[in-house]
Amino acid sequence: MDAGGREDERASAVDHVVAAIRDLIRDRGLNVGDALPGEIEIAAMAGASRNTVREAIRILKAYGLVESRPKIGAVITDRRQTAVNALLSFAIDLSAESFRDIQGFRRLIEMNLGEVLVGRIGADEIAELRRLNAAMAAAADPFEAARLDFLFHRSLVDAAGNRTLAEIYAMLEPVIRRLMETGKSLRRAREGAAAEHADIVAALERGDRLGFAYHMSRHLDAGLDYIPAARADGPPERGGR
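Residues numbered from 1 in each chain as written. Predicted model: local features only at pLDDT ≥ 70, side-chain atom pairs only at ≥ 80, totals over all residues. Heavy atoms only, no water.

(A) Summary view of the confidence of the model for the chain. Summing up the model confidence of the chain, the mean pLDDT is 83 and the portion of residues at 70 or higher is 82%. Highest mean pLDDT in the chain belongs to helix α7 (residues 123-138) (96); lowest belongs to helix α13 (residues 228-233) (47). Taken as a whole, residues 229-241 scores under 50 in pLDDT and shows 41 contacts with residues more than four places along the chain or in a different chain. (pLDDT = per-residue confidence, 0-100. Helix = DSSP H or I, 4+ residues; strand = E, 2+ residues; numbered from the N terminus. Contact = heavy atoms within 4.5 Å.)

Laid out in structure tokens, this is it:
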């Protein structure tokens, strides 16, 4: 067999292992963050050599589908979506129109969370929301404040217990955080957001679904105060970030 034939055969063997790993992930219901089996197990399962398995995993790493972690091995990841979202967040024009588009998406999700969270959210989760809110209010760096702001809202979404919803919200983190950075360098913006967060948490504690939706709605509108183009459109609505 010539060199070209051997290379084709090797490539075919690697493709076979990649397909076997894909099937394994599906059949075992593995998700991002889960570890793949060791090389020996994969080799036995796919009927391949360990060298072929290593090459298959190297390809998966190159595509951002797995990464190596010390003492764990190959772990499922998905840096492709993160890279796309980071690019989108960098390129997005924070105009009044784009702000309303993003907040409109968040409104569909977050304003209705009260229907699920009332009677479900526990004292520990309430305490964590308050901790995140206090840390956001105290943060001097606008990027750190935006990170904590996102974690506050992500905690609300996670507490609803809908895994698909939580995953979609997490995928949009770079875009939402870019929006949340608006105005965060101003003390009054951080204090306003913290006060609105506190109102949201208080509504949850007293089981007030309508109050939760009202305070969340105001909160999601308030960032317009810090977008100059929005002020040219007319008086800004009051609310949170």
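Still more to cover.
(B) Up close: the packing of aromatic side chains. Under the counting rule described, the total for this entry stands at 1 aromatic pair. Between the aromatic rings of Phe-150 and Tyr-169, the centroid separation amounts to 5.5 Å while the plane-to-plane angle is 15°, which identifies the pairing as stacked. You can see Phe-150 sitting in helix α8 (residues 142-159) and its partner Tyr-169 sitting in helix α9 (residues 163-171), a full 19 residues away along the chain. Of the two residues examined, Phe-150 and Tyr-169, each falls in the buried class. (Phe/Tyr/Trp six-rings, centres within 6.5 Å; stacked < 30°, edge-to-face > 60°. Buried < 20%, exposed > 50% of the residue type's maximum accessible area, 1.4 Å probe, protein only.)

(C) Fine view of α8. The end-to-end C-alpha distance of α8, which contains 18 residues, comes to 26 Å, matching closely the 26 Å that a straight helix rising 1.5 Å per residue would cover. A side-chain oxygen of the first residue of α8 lies 2.7 Å from the backbone nitrogen of Phe-143; this N-cap is Asp-141. Positive phi appears at Gly-161, one or two residues downstream of α8, with a value of about 80°. (Expected span 1.5 Å × (residues − 1). Polar contact = N/O pair within 3.5 Å; in protein donor to acceptor, adjacent residues only side chain to side chain.)

(D) Looking closely at the pairing of strand β1 (residues 66-69). Summarising the sheet, β1 and strand β2 (residues 73-76) pair through 4 bridges and their orientation is antiparallel. Bridge pairing links Glu-67 to Val-75 in β2. Where β1 hands over to β2, the hairpin turn is made up of 3 residues, of which Lys-71 adopts a positive phi near 65°. (Pairing = 2+ DSSP bridges.)

(E) Fine view of the environment of Ala-135. Mapped onto the fold, Ala-135 is located in helix α7. For Ala-135, a relative accessible area of 27% gives the class partly exposed. Measuring from C-alpha to C-alpha, the distance between Ala-135 and Leu-148 comes to 7.1 Å, with 13 residues separating the pair along the chain.

(F) Structural context of the side chain of Ser-217. Assignment of secondary structure puts Ser-217 in helix α12 (residues 209-221). A polar atom in the side chain of Ser-217 sits 2.8 Å from the side chain of Arg-107. Setting aside residues up to four positions removed in sequence, Ser-217 forms contacts with Arg-107 and Met-111.

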